[in-house]
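A look at the structure
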Amino acid sequence: MPVTLKITECFFDSDKVQRAVDRATRRVLSKAGAYIRTRAKSSIRKRKKVSPAGKPPHSHRGDLRRLIFFAYDPAMRSVIVGPVRFKHGGAAALEHGGQAVIEAGGRRGTGRRRRVYIRRRPFMGPAMEKELPNFPQLWHNSVR
């Protein structure tokens, strides 16, 4: 009985390998995004008082914790983690410090708006820094 061997079986299938790497990248970066989101959400406590400058912010109504998401961007092969953009730029001002417009007074939509300066209360950067040592383990045996 003659032995037959397909020539294509002897060569490296780069498309198949690239698809496996893309799947692994999506899976690992999505996990990393989920871990960062969880760490950031757990650092934000629900309190009535204002948090000290330099510490994660307190969430008075729970909106900030509830509105932190992550998404994998296949075009850039990266993951984006953070809160949705608030109408008046409050989340970015919390992370980096800066100005924001707040509405003070009665019911929402009826109060006067005023510009305030918010001291830095980072929560996304420290969440990523704390999760960073775990990332190499996520890549271990990820390409199948």
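Note that the structure is predicted; figures quoted are calculated from it, not measured.

What counts, and at which threshold
Residues numbered from 1 in each chain as written. Predicted model: local features only at pLDDT ≥ 70, side-chain atom pairs only at ≥ 80, totals over all residues. Heavy atoms only, no water. Helix = DSSP H or I, 4+ residues; strand = E, 2+ residues; numbered from the N terminus. Buried < 20%, exposed > 50% of the residue type's maximum accessible area, 1.4 Å probe, protein only. Areas by Shrake-Rupley, 256 points an atom, 1.4 Å probe, with all protein chains shown as cover. Core = buried A, V, L, I, M, F, W, Y, C linked by side-chain atoms within 4.5 Å. Contact = heavy atoms within 4.5 Å. Salt bridge = Lys/Arg side-chain N within 4 Å of Asp/Glu carboxyl O. Expected span 1.5 Å × (residues − 1). Arc of directions from axis to C-beta. Axes fitted to C-alpha atoms, helices over the stretch in contact; angles between N-to-C directions. Parallel < 35°, antiparallel > 145°, perpendicular 65-115°, else oblique. Left-handed = near helix turned anticlockwise from the far one by under 90°. Nonpolar A, V, L, I, M, F, W, Y, C, P; charged D, E, K, R; others polar. Patch = residues over 30% accessible without salt bridge, like charges linked within 9 Å, V, L, I, M, F, W, Y side chains within 5 Å. Lys, Arg positive; Asp, Glu negative; His and termini not counted. Charge placed at Lys NZ, Arg CZ, Asp CG, Glu CD.

Some words on the overall build of the chain
Each helix and strand in the chain was counted, giving five helices and four strands. When the helices and strands of the chain are placed in sequence order, the string is α-α-β-β-α-β-β-α-α. In the chain, which comprises 144 residues, the share counted as buried stands at 26%. Carbon together with sulfur atoms contributes 55% to the accessible area of the chain, which is approximately 10900 Å² in total.

Side note on the nonpolar core
In summary, soluble globular proteins display a tendency toward joint burial of nonpolar side chains. If you look at the biggest cluster of nonpolar residues, it comprises 17 residues, and the most contacted ones within it are Ala40, Ile68, Ile118, Phe123 and Met124. Residue assignment for this core shows that the elements contributing at least two residues are α1 (14-43), α3 (90-96), β4 (112-118), α4 (124-131) and α5 (135-139). Dropping the residues within four chain positions of it, Ile118 is found in contact with Ala93, Leu94, Gly97, Gly98 and Ala100.

A short note on the environment of Leu132
Tracing the sequence through the fold places Leu132 in the loop between α4 and α5. Placed 100 residues apart in sequence, Leu132 and Ala32 show a C-alpha to C-alpha distance of 8.7 Å.

Brief notes about the pattern of salt bridges
Per the counting criterion, the structure on display carries four salt bridges. A salt bridge links Asp22 to Arg77, with the shortest nitrogen-to-oxygen separation between them at 3.3 Å. Placement of the pair is Asp22 in helix α1 and Arg77 in the loop between β1 (68-73) and β2 (78-83), with a sequence separation of 55 residues. Through salt bridges with shared partners, one network takes in Arg61, Asp63 and Arg66.

With respect to α1
Along its 30 residues, α1 runs 43 Å from first to last C-alpha, staying within 8% of the 44 Å computed at 1.5 Å per residue. Taken together, the buried positions of α1 are Ala20, Ala24, Thr25, Val28, Leu29, Ala32, Gly33, Ala34, Ile36 and Ala40. Of the surrounding elements, those touching the buried residues of α1 are β1, β2, α4 and α5.

As for α4
Because each turn of an α-helix spans 3.6 residues, side chains separated by three or four positions end up pointing in the same direction. Those residues of α4 lying buried are Met124, Ala127 and Glu131. Axial view of α4: buried residues confined to an arc of 60°, hence all on one face. Opposite the buried face of α4, at more than 90 degrees from it, the exposed residues are Glu129 and Lys130.

Digging into the packing of α1 against α4
Contact geometry for α1 and α4: axes closest at 8 Å, N-to-C directions at 125°. By the angle between their axes, α1 is oblique relative to α4. Helix-helix and strand crossings are classified by hand; for α1 and α4 the assignment is right-handed. Here Tyr35, Ile36, Arg39 and Ala40 of α1 come into contact with α4, specifically with Met124, Ala127, Met128, Lys130 and Glu131. Its residues assigned to classes, the contact of α1 with α4 comprises six nonpolar, no polar and three charged.

Structural notes on a positive patch on the surface
Together, Lys16, Arg19, Arg23, Arg26, Arg27, Lys31 and Arg144 make up a positively charged patch on the protein surface. Residue Arg144 is classed as exposed on the basis of its relative accessible area, which comes to 76%.

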